[in-house]
Number of protein chains: 2
Amino acid sequence: MSKRVDQVLAGDIRAASRLMRDLDDRMPAAINALKSLYRHTGKGYIIGITGNPGAGKSTVVDALIEVYRARQLRVGVVAVDPTSPFSGGAILGDRIRMQRHALDEGVFVRSLATRGHLGGLSRSTFDVVSVLDAMGYEIILVETVGVGQDEIDVMRAVYTSVVVTVPGLGDDIQAIKAGLLEIADVLAVNKADRDGADRTVRDLMHMLDLRGTSPTNSVREVEIIKTIAAHGTRDDSGIADLVAAIDRHRDRMVSGQSGQTRARKRLVAHVAELVKGLLADRAEAALEAQGGLGEVAEAIAAGQTDPYTVAESIVAKLYVDAP
Amino acid sequence: MSKRVDQVLAGDIRAASRLMRDLDDRMPAAINALKSLYRHTGKGYIIGITGNPGAGKSTVVDALIEVYRARQLRVGVVAVDPTSPFSGGAILGDRIRMQRHALDEGVFVRSLATRGHLGGLSRSTFDVVSVLDAMGYEIILVETVGVGQDEIDVMRAVYTSVVVTVPGLGDDIQAIKAGLLEIADVLAVNKADRDGADRTVRDLMHMLDLRGTSPTNSVREVEIIKTIAAHGTRDDSGIADLVAAIDRHRDRMVSGQSGQTRARKRLVAHVAELVKGLLADRAEAALEAQGGLGEVAEAIAAGQTDPYTVAESIVAKLYVDAP
């Protein structure tokens, strides 16, 4: 086992940050280190927080950190939401709020930017989560914008996914339907001091009921919690209720058949993301080897070929099917 | 040239729908038909409409259809937004509004669902756009939720991208910053009869100015238009202004150096998506050949291997590097 692996296992922040950077660059030594680290994972509890921009996800994350820290648990945060203050996309107020965690050695925050890579976001997220898990963070919070496919893929890989919404979306509550409801384990109606919070809860319950009747969906227990995350951990913030709902979901997930099924699904999702990522790496290499496709674009523009034929030949050139 | 290609070129709706379905299933004959059709593309003008759920994208699309139909142009619509009424995710009011277009032979609507495929959304979108283009639709509107990476990739491939936002997001206007501003050719501040519309316009102008000073961004002309799309094409709806802004962008894009550069970028984006898609197909086939990864998950759970090693062996097993 390399020195680097030992350092990360010992919780060395600098070594971990360096490893994460090297993983981003797909350095082979880093990937080998990750393989060694993997057997030390599985102890951290991974919680996903997603929802539309403006729902207050970061504020919820902030309050959750506070609760878990009060429980003496170490918290790792992966922010894959480009609008999150954790990712540097913050407004000033949020940034100031975050800073107290920056001084807390029990909290480690890692931001991931969408880099426009073919590989997407999910692989990097999985990598960082595994490193944090191996480092011994007992709670790992993954904050993501929850609308795109990549983001939904990320949510498939967490243990408990919290979808944050707000009152006053009106008819737009339909928006939440899009993929998000399917992946929600706990629904938080944040900013619940706003008008219409109860209506939003009712609408969500109705949508969950509708979902229950679908032949392709087995009924899953989903709790809906009203929160005012901006109140932090004050009694009226609902954050204690949210954590309790997460705990209940956790209890259901770590025990019994459903827990094991879910664990297997997570592993399958992880492997699928990695396969996708490896193939994307090859695609990128292929495109770069073509000198960035400039000539190919000219040929297509001149009507000499078409994008479909070009794409096939690029793939064929790099790979031949194994016998 | 196959009979099917002739039918599609002649504008046969049933043949086109069948072809799109077959393309979704990646049938080789359908892909060959698409190759034949490709040389007949390039005449349609592709406009992307994106923005956060609740911004009123579908209402904007609806009003745009009306304007272009009044100009006697045939309009194809690709809805890749799961919350769009065009995609079936509508509230009743929207659905009723859409129906008048259902009776208009000059309007063809195709919805795409996120299917959880490794290949993502973009390839299907490109395929449908190419078919609509070859069929002779002069205007092709692509409506998508604009937050995820897949959706941004789609927007890279259109001629003019309209990002729809609303007043009253307050500080959450930062949310728009996330990738969307980067791809916006025209910004529509919809629901402009709400409080704060002018402030939103000012904020957006400020953000565009900030962008202009970035060393990695060349300054691009982006118009900001206030709309009330729910007013349809009434004088106060601002839709005429929006169309005029799209027209001006179009004029800039079809002429001069910037137009040609953009056209090349579109082709490159298209080929990159296709390569990504082809590799994803292979990945899916690989995963299916493994019997859905169930055994692999067991082995990982038992600590016999790790996801990274498994993913590498799956990729290696299927492909060997060509010499």
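Residues numbered from 1 in each chain as written. Chains lettered and ligands numbered in written order. Predicted model: local features only at pLDDT ≥ 70, side-chain atom pairs only at ≥ 80, totals over all residues.

**Topic: the overall build of chain A**
Inference 1: Secondary structure assignment for chain A yields 14 helices and eight strands.
Inference 2: A buried classification covers 51% of the 323 residues belonging to chain A.
Inference 3: When contacts within chain A are restricted to residue pairs at least 6 apart in sequence, those whose partners lie at least 24 apart make up 74%. (Helix = DSSP H or I, 4+ residues; strand = E, 2+ residues; numbered from the N terminus. Buried ≥ 20, exposed ≤ 12 C-beta atoms within 10 Å, placed from the backbone. Contact = placed C-beta atoms within 7 Å.)

**Observations concerning helix α11 (residues 239–254) of chain A**
All names here are of chain A.
Inference 1: The terminal C-alpha atoms of α11, which comprises 16 residues, lie 22 Å apart, in line with the 22 Å expected from a rise of 1.5 Å per residue.
Inference 2: Of all the residues in α11, the buried ones are Ile 239, Leu 242, Ala 245, Ile 246 and His 249. All buried residues of α11 lie within an arc of 120° about the axis, which places them on one face of the element. Exposed residues on α11 whose side chains face more than 90 degrees from its buried face are Asp 247 and Asp 251.
Inference 3: Check the buried side of α11 and you find it contacts β1 (45–51), α4 (57–70), β5 (160–165), β6 (186–189) and β7 (223–226). (Expected span 1.5 Å × (residues − 1). Arc of directions from axis to C-beta.)

**Some details on the sheet that holds strand β3 (residues 107–111) of chain B**
All names here are of chain B.
Inference 1: Overall, parallel pairing links the seven strands, which are arranged β3-β2-β4-β1-β5-β6-β7 in an open sheet. For this open sheet the edge positions go to β3 and β7 (223–226), each flanked by a neighbour on one side alone. Taking the axes of each pair of neighbouring strands and ignoring which way they run, one obtains an average angle of 20° across the sheet.
Inference 2: Where strand β5 (residues 160–165) lies against strand β6 (residues 186–189), four bridges are found, and the strand directions are parallel. Looking across to β6, one finds that Val 164 is bridged to Ala 188.
Inference 3: On the sheet, helix α4 (residues 57–70) packs against β1 (45–51), β2 (75–79), β3, β4 (139–143), β5 and β6 and is oriented at approximately 175° with respect to β4. (Pairing = 2+ DSSP bridges. Axes fitted to C-alpha atoms, helices over the stretch in contact; angles between N-to-C directions.)

**As for unusual backbone geometry**
Inference 1: Within the chain, Gln 72 of chain A stands out as a residue other than glycine whose phi angle is a positive 65°.
Inference 2: Along the polypeptide, Gln 72 of chain A turns up in the loop between α4 and β2 (75–79).
Inference 3: In this structure, Arg 26 of chain B is a non-glycine residue whose phi angle is positive, near 55°.
Inference 4: Note on placement: Arg 26 of chain B falls in the loop between α2 (13–24) and α3 (28–38).
Inference 5: Look at Arg 26 of chain B and you get partly exposed, because 15 C-beta atoms sit within 10 Å.

**Some details on the pairing of β2 of chain B**
Along any regular strand, the residues point their side chains to alternate faces of the sheet.
All names here are of chain B.
Inference 1: By the criterion of burial, β2 is predominantly enclosed, with five of the five residues buried.
Inference 2: Here β2 shows no split at all, with Val 75, Val 77 and Ala 79 on one side and Gly 76 and Val 78 on the other all buried.
Inference 3: Bridge analysis of β2 against β3 gives five bridges, and the strand direction is parallel. Note that in β3 the partner of Val 75 across the bridge is Val 107.

**Points about the sheet that holds strand β4 (residues 139–143) of chain A**
Residues and elements named next belong to chain A.
Inference 1: The strand order across the open sheet built from seven strands is β3-β2-β4-β1-β5-β6-β7, with neighbouring strands paired in parallel fashion. Whereas interior strands pair on both sides, the edge strands pair on one side only; in this sheet they are β3 (107–111) and β7. For this sheet, the mean angle separating the axes of adjacent strands, direction not counted, is 20°.
Inference 2: Across five bridges, β1 lies against β5 in parallel orientation. If you follow Gly 51 over to β5, its bridge partner there is Val 164.
Inference 3: Contacting β1, β2, β3, β4, β5 and β6, α4 runs over the sheet at an angle of about 175° to β4.

**Things to note about the nonpolar core**
Inference 1: Within the largest apolar cluster, 180 residues are counted, with the highest numbers of intra-cluster contacts made by Val 275 of chain A together with Val 275 of chain B.
Inference 2: When we break this core down by domain, the ones giving at least three residues each are domain 1 (1–40) and domain 2 (42–260) of chain B. (Core = buried A, V, L, I, M, F, W, Y, C linked by C-beta atoms within 7 Å. Domains from an automatic or database assignment.)

**Remarks on helix α6 (residues 122–135) of chain A**
Inference 1: An ideal rise of 1.5 Å per residue puts 20 Å on 14 residues; α6 of chain A measures up with 20 Å between its terminal C-alpha atoms.
Inference 2: Burial within α6 of chain A is extensive, with 14 of its 14 residues counted as buried.

**Notes on the environment of Gly 106 of chain A**
Residues and elements named next belong to chain A.
Inference 1: Relative to the helices and strands, Gly 106 is located in the loop between α5 (92–102) and β3.
Inference 2: Owing to 16 C-beta atoms within 10 Å, Gly 106 belongs among the partly exposed residues under this scheme.
Inference 3: Taking C-alpha positions, Gly 106 is 7.4 Å from Arg 69, a pair spaced 37 residues apart along the chain.
Inference 4: Excluding anything up to four places from it in sequence, Gly 106 contacts Arg 69, Arg 74 and Val 75.

**Quick look at the packing of helix α2 (residues 13–24) of chain A against helix α3 (residues 28–38) of chain A**
All names here are of chain A.
Inference 1: Contact pair α2 / α3: the axes reach a minimum separation of 8 Å and the direction vectors enclose 120°. Comparing the axis directions of α2 and α3 gives the class oblique. Two packed elements cross with a definite hand, and for α2 against α3 that hand is left-handed. Where α2 abuts α3, its residues Leu 19, Asp 22 and Leu 23 lie against Ala 30, Ala 33 and Leu 34. (Parallel < 35°, antiparallel > 145°, perpendicular 65-115°, else oblique. Left-handed = near helix turned anticlockwise from the far one by under 90°.)

**What to know about the confidence of the model for chain A**
Residue and element names in this part refer to chain A.
Inference 1: Averaged over chain A, the pLDDT score is 80; the fraction of residues at 70 or greater is 78%.
Inference 2: When the criterion is pLDDT under 50, residues 115–119 qualifies, and its contacts beyond four places in sequence or with other chains add up to nine contacts.
Inference 3: Confidence drops under pLDDT 50 across residues 213–218; counting only partners more than four residues distant or on other chains, this segment forms two contacts. (pLDDT = per-residue confidence, 0-100.)

**Here's the deal with the packing of α3 of chain B against helix α6 (residues 122–135) of chain B**
Residue and element names in this part refer to chain B.
Inference 1: Running from N to C, α3 and α6 cross one another at 50°; their axes reach a closest spacing of 9 Å. Between α3 and α6, the crossing angle belongs to the class labelled oblique. Classified by chirality, the crossing of α6 by α3 is left-handed. In this structure, α3 uses Leu 34, Leu 37 and Tyr 38 to contact α6, whose residues at the interface are Asp 127, Ser 130, Val 131 and Ala 134.
Inference 2: Its residues assigned to classes, the contact of α3 with α6 shows five nonpolar, one polar and one charged. (Nonpolar A, V, L, I, M, F, W, Y, C, P; charged D, E, K, R; others polar.)

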